[in-house]
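# A structural walkthrough
Chain by chain, the residues:
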Amino acid sequence: MVVNGRKWRATDPSLPEDVAARLRRHLMAARRAVRSATTADDETAERLARARVQHAKVALGERGTPWWEQSPDERRRRWEDHLAKLDADAPDQKDA
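The rules behind these values
Residues numbered from 1 in each chain as written. Predicted model: local features only at pLDDT ≥ 70, side-chain atom pairs only at ≥ 80, totals over all residues. Heavy atoms only, no water. Salt bridge = Lys/Arg side-chain N within 4 Å of Asp/Glu carboxyl O. Buried < 20%, exposed > 50% of the residue type's maximum accessible area, 1.4 Å probe, protein only. Helix = DSSP H or I, 4+ residues; strand = E, 2+ residues; numbered from the N terminus. Expected span 1.5 Å × (residues − 1). Arc of directions from axis to C-beta. Contact = heavy atoms within 4.5 Å. Polar contact = N/O pair within 3.5 Å; in protein donor to acceptor, adjacent residues only side chain to side chain.

### Here we look at the pattern of salt bridges
Throughout the structure, instances matching the rule amount to eight salt bridges. With a shortest N-O distance of 2.6 Å, Glu17 and Arg24 are connected by a salt bridge. Looking at Glu17, the relative accessible area reads 54%, which means it is exposed. On the accessibility criterion, Arg24 (37% relative accessible area) is partly exposed. Two residues, Glu62 and Lys57, come together in a salt bridge whose shortest N-O distance is 2.5 Å. Residue class for Glu62 comes out buried when judged on its relative accessible area of 18%. On the accessibility criterion, Lys57 (12% relative accessible area) is buried. Ionic contacts of the salt-bridge type, sharing partners, join the residues Asp12, Arg75 and Arg78 into one network.

Shown next as structure tokens:
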């Protein structure tokens, strides 16, 4: 999609809504963790939080191989693998 003349990649429309919602919760929690880590000047926590942001964005199809270039199986594997990683890194988020 294009916003103010700049291209932005949209979320993969094939994601089931419940999965997309979980991924967005993970993304927002990770972004809050980045902010907290930078405020606390904690480089290790910041690096881990930024890795969680990356996993969420890739799972949503907003980074990495474009979702429109992937087969349905590749798309499903992409979000399943990254969601599992996010759940493992932040178990309090998986049922939220």
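Back to the text.
### Section: helix H3 (residues 72–89)
Working note: α-helix, 3.6 residues per turn, so residues spaced by three or four point in the same direction. When the terminal C-alpha atoms of H3 are compared, their 26 Å separation across 18 residues agrees well with the 26 Å that a helix rising 1.5 Å per residue should span. Those residues of H3 that fall on the buried side of the exposure criterion are Arg75, Arg78, Trp79, His82, Leu83, Leu86 and Asp87. Taken down its axis, H3 places every buried residue within 150 degrees of arc, on the same side. Away from its buried face by more than 90 degrees, H3 exposes Asp73 and Ala88.

### Concerning the environment of Asp12
As for its placement among the helices and strands, Asp12 is situated in the loop between strand S2 (6–7) and helix H1 (17–39). Note on Asp12: relative accessible area 2%, which makes it buried. Considering only alpha carbons, one finds Asp12 and Ala59, 47 residues apart in sequence, at a separation of 8.7 Å. Residue contacts for Asp12: discarding those within four places in its chain leaves Leu60, Trp67, Arg75 and Arg78. Reaching out from Asp12, the side chain makes a polar contact with the side chain of Arg75 at a distance of 2.5 Å. In this structure the side chain of Asp12 is engaged in a polar contact, spanning 2.8 Å, whose partner is the side chain of Arg78.

### Digging into H1
The end-to-end C-alpha distance of H1, which contains 23 residues, comes to 33 Å, matching closely the 33 Å that a straight helix rising 1.5 Å per residue would cover. Of the positions making up H1, those classed as buried are Val19, Ala20, Leu23, His26, Leu27, Ala29, Ala30, Val34 and Ala37. Against helix H2 (43–60) and H3 lie the buried residues of H1. Immediately beyond the C-terminal end of H1, within one or two residues, lies Asp41, with a positive phi of roughly 55 degrees.

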